[in-house]
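Descriptive analysis of the structure
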Amino acid sequence: MSQKTAVLYARFSCSKQREASIEDQLRVCRDWCAREGYAIVAEYCDYAISGRTDERPKFQQMIANAGESDIVLVYMMDRFSRDPFDAPIYKRELQRHGVKLVSALEAIPDSPEGIIYEKLLEGLAACESRKTSIRSRRGMEGNALHCKTNGVRCFGYKTGEDGRYEIVPEEAEIVREVFRRRIHGESVNSIAMDLRQRGVVSRAGNPIKDTFVNCMLHNDKYRGIYSWGGITKKGGMPRIVSEETFRRAQMVKSKKQRRNEHWGEFALSGRVICSACGRNMRGVSGRGSSKRKYEYYACGSCKEVKPVRRDWLEESIVDALRELLSNPEEARRIAEMCVGAGEPKEVAEHRKQAAAALRAAETGLSNILKAGGAGNRGSGHQGACRGA
């Protein structure tokens with residue numbers, strides 16, 4: 001008789017829990033296997049991931065490998081899943097491969113009554129998970145009423161010993177610098193580029209991008225307004241910039257205002273073809289670090305062809321046209337095409353069809369107007385007879 005086999009699955013939910021709790025679960029499961037005569041073929045462990053989601057890497061790997069053992073053994077049923085819908089779905093998936101889910105601490109009888117007991121355990125796990133979520137939310141709302149960080153990080157601040165925001169002096173100076181430069185009209189892109197070159201990183205350790213600077217300039221925290229989950233408190237945290245500074249930064253408009261500045265007309269936009277993908281190239285413009293205007297034709301689809309300077313391309317096209325028109329015969333042929341004398345056969349046919357459709361429409365409209373006039377005269381005559 002072949003030996004029975006088992007895979008072990010262990011999980012804990014929160015990063016604040018001990019990793020040793022995984023070892024505790026595995027130890028109990030190993031003892032159970034030794035006592036019941038099961039050989040362990042694999043162990044799957046998910047760290048700091050809630051049982052209310054099935055997006056657990058090792059859990060999914062275990063389900064994908066279903067069939068490698070006779071049972072899946074867990075410390076308790078709530079380690080497998082705390083979601084009321086996921087639990088029966090994945091149990092069914094295991095059953096399809098002839099695998100049974102077993103709890104090391106919960107003795108579920110192998111009888112019709114065991115079905116009720118197992119469903120009761122699933123319901124209790126889902127209920128406890130929901131209650132834990134409510135308790136956590138209530139606790140975080142209590143923290144928010146005291147303006148504590150609740151784990152929300154913000155550049156320029158750190159979490160103090162009392163759980164509230166404290167200013168980080170070197171980061172706060174960068175925040176003030178960003179507001180000053182923006183008030184003086186510098187673009188968000190330029191500020192972000194400079195901070196990246198200086199090696200400034202976000203609280204998450206990522207390079208500074210335009211979106212980071214833009215969010216910083218609109219973040220109410222920097223003027224001392226605390227907010228979390230709909231709870232807002234003015235003066236709930238130390239301010240880094242004054243109300244006036246914050247307000248002035250919001251009033252600064254982008255320097256690139258097409259309505260107030262003269263930017264070139266891109267005569268070839270939609271007519272220049274990208275050599276890589278065959279799609280139309282469009283006009284783009286901007287300013288360099290020296291504030292000089294640059295205008296290009298660029299492909300917005302494949303990005304494989306480098307942008308081409310507008311002045312160079314348009315001058316090249318003009319030169320080519322001049323050379324083409326310097327030939328009298330070629331110039332005459334183009335002129336005839338423009339006035340329609342020498343238009344291609346298909347174009348002439350389309351023109352005839354359009355002219356015929358226009359004549360038919362005008363004739364139909366004229367007939368309708370005549371019919372309407374005759375009807376009005378007839379009704380007026382009949383009315384006069386009745387009146388007489």
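Quick look at the structure, then.

The rules behind these values
- Residues numbered from 1 in each chain as written.
- Predicted model: local features only at pLDDT ≥ 70, side-chain atom pairs only at ≥ 80, totals over all residues.
- Heavy atoms only, no water.
- Pairing = 2+ DSSP bridges.
- Helix = DSSP H or I, 4+ residues; strand = E, 2+ residues; numbered from the N terminus.
- Axes fitted to C-alpha atoms, helices over the stretch in contact; angles between N-to-C directions.
- Parallel < 35°, antiparallel > 145°, perpendicular 65-115°, else oblique.
- Left-handed = near helix turned anticlockwise from the far one by under 90°.
- Contact = heavy atoms within 4.5 Å.
- Nonpolar A, V, L, I, M, F, W, Y, C, P; charged D, E, K, R; others polar.
- Core = buried A, V, L, I, M, F, W, Y, C linked by side-chain atoms within 4.5 Å.
- Buried < 20%, exposed > 50% of the residue type's maximum accessible area, 1.4 Å probe, protein only.
- Phe/Tyr/Trp six-rings, centres within 6.5 Å; stacked < 30°, edge-to-face > 60°.
- Arc of directions from axis to C-beta.
- Polar contact = N/O pair within 3.5 Å; in protein donor to acceptor, adjacent residues only side chain to side chain.
- Salt bridge = Lys/Arg side-chain N within 4 Å of Asp/Glu carboxyl O.

Notes on the pairing of strand 8 (residues 231–234)
- Note that strand 7 (residues 225–228) and strand 8 share four bridges and pair antiparallel. Bridging from a neighbouring strand, Ile-225 pairs with Lys-234 of strand 8.
- Connecting strand 7 to the next strand, strand 8, in antiparallel fashion are two residues, including Gly-229 with a positive phi near 55°.

Quick word on the packing of helix 6 (residues 169–183) against helix 9 (residues 243–251)
- Axis separation between helix 6 and helix 9 bottoms out at 9 Å; the angle between their running directions is 45°. By the angle between their axes, helix 6 is oblique relative to helix 9. Helix 9 is crossed by helix 6, and the crossing has left-handed handedness. Across the interface between the two elements, Phe-179, Arg-182 and Ile-183 of helix 6 pack against Thr-245, Phe-246, Arg-248, Ala-249 and Gln-250 of helix 9.
- Partitioned by chemical class, the residues of the contact of helix 6 with helix 9 number four nonpolar, two polar and two charged.

Notes on the side chain of Glu-171
- Relative to the helices and strands, Glu-171 resides in helix 6.
- Not counting the four nearest positions on each side in its chain, Glu-171 is found in contact with Phe-155, Gly-156, Tyr-157 and Arg-203.

Some remarks on the nonpolar core
- Judged by nonpolar contacts, the single largest core of 30 residues is most densely connected at Val-175, Val-178, Phe-179, Leu-195, Val-213 and Tyr-222.
- For this core, the secondary structure elements donating two or more residues are helix 6, helix 7 (188–197), helix 8 (210–217), strand 7 and helix 9.
- When residues in this core are grouped by element, the largest group, six residues, is from helix 6.
- Each residue touching Phe-179, except ones within four places of it in the same chain, is listed here: Met-216, Leu-217, Tyr-222, Val-241, Thr-245, Phe-246, Ala-249 and Gln-250.
- Phe-59, Val-74, Met-77 and Leu-121 belong to the second-largest nonpolar core, a separate cluster that totals 17 residues.

Some thoughts on the environment of Leu-101
- Counting through the fold element by element, Leu-101 comes out in strand 4 (residues 100–103).
- For the pair formed by Leu-101 and Val-74, sequence separation is 27 residues and the distance between their alpha carbons is 7.7 Å.
- Apart from residues no more than four positions distant in its own chain, Leu-101 is found in contact with Val-72, Val-74, Met-77, Phe-80 and Lys-91.

Concerning the packing of aromatic side chains
- Evaluated as defined, the whole model comprises 11 aromatic pairs.
- Relative to Tyr-165, the ring of Tyr-157 lies with its centre 5.6 Å away and its plane at 65°, an arrangement referred to as edge-to-face.
- Taking relative accessible area as the criterion, Tyr-157 reaches 1% and is therefore assigned buried.
- Here Phe-179 and Phe-246 contribute two aromatic rings whose centre-to-centre distance is 5.9 Å and whose plane-to-plane angle is 35°, an arrangement assigned as tilted. Here Phe-246 lies in helix 9 and Phe-179 lies in helix 6, a separation of 67 residues in the sequence.
- What makes Phe-179 buried here is its relative accessible area of 0%.
- For Phe-246, a relative accessible area of 5% corresponds to the buried category.
- An aromatic cluster of three or more residues is present, and its members are Tyr-157, Tyr-165, Phe-179, Tyr-222, Tyr-226 and Phe-246.

Examining helix 7
- The set of residues buried in helix 7 consists of Val-188, Ile-191, Ala-192 and Leu-195. Projection of helix 7 onto a plane perpendicular to its axis shows the buried side chains occupying an angular sector of 95°, all on one side.
- In this fold, the buried residues of helix 7 make contact with helix 6 and helix 8.
- At the exit of helix 7 stands Gly-199, carrying a positive phi of roughly 85°.

Topic: unusual backbone geometry
- At Ala-48, a position not held by glycine, the phi torsion is positive, near 55°.
- For Ala-48, the location among the structural elements is in the loop between strand 2 (38–46) and helix 2 (57–64).
- On the accessibility criterion, Ala-48 (36% relative accessible area) is partly exposed.
- Positive phi outside glycine occurs at Cys-147, with the angle close to 60°.
- Inspection of the secondary structure puts Cys-147 in the loop between helix 5 (112–145) and strand 5 (157–159).
- Judged by relative accessible area, which is 3%, Cys-147 ranks as buried.

Here we look at the side chain of Arg-82
- One can find Arg-82 in the loop between helix 3 (77–80) and helix 4 (86–96).
- In this structure Arg-82 comes out as buried when scored by relative accessible area, which is 14%.
- Here the side chain of Arg-82 touches Asp-78 through a polar contact of 3.1 Å, side chain to side chain.

Some points on the pattern of salt bridges
- This model, assessed by the stated rule, comprises 21 salt bridges.
- Its salt-bridge partner being Arg-27, residue Asp-24 comes within 3.9 Å of it at the nearest N-O pair. With Asp-24 and Arg-27 both in helix 1 (residues 20–36) and three residues apart, this pair spans about one turn of that helix.
- The exposure class assigned to Asp-24 is partly exposed, which follows from its relative accessible area of 30%.
- Here Arg-310 makes a salt bridge to Glu-295, at a shortest N to O gap of 2.8 Å.

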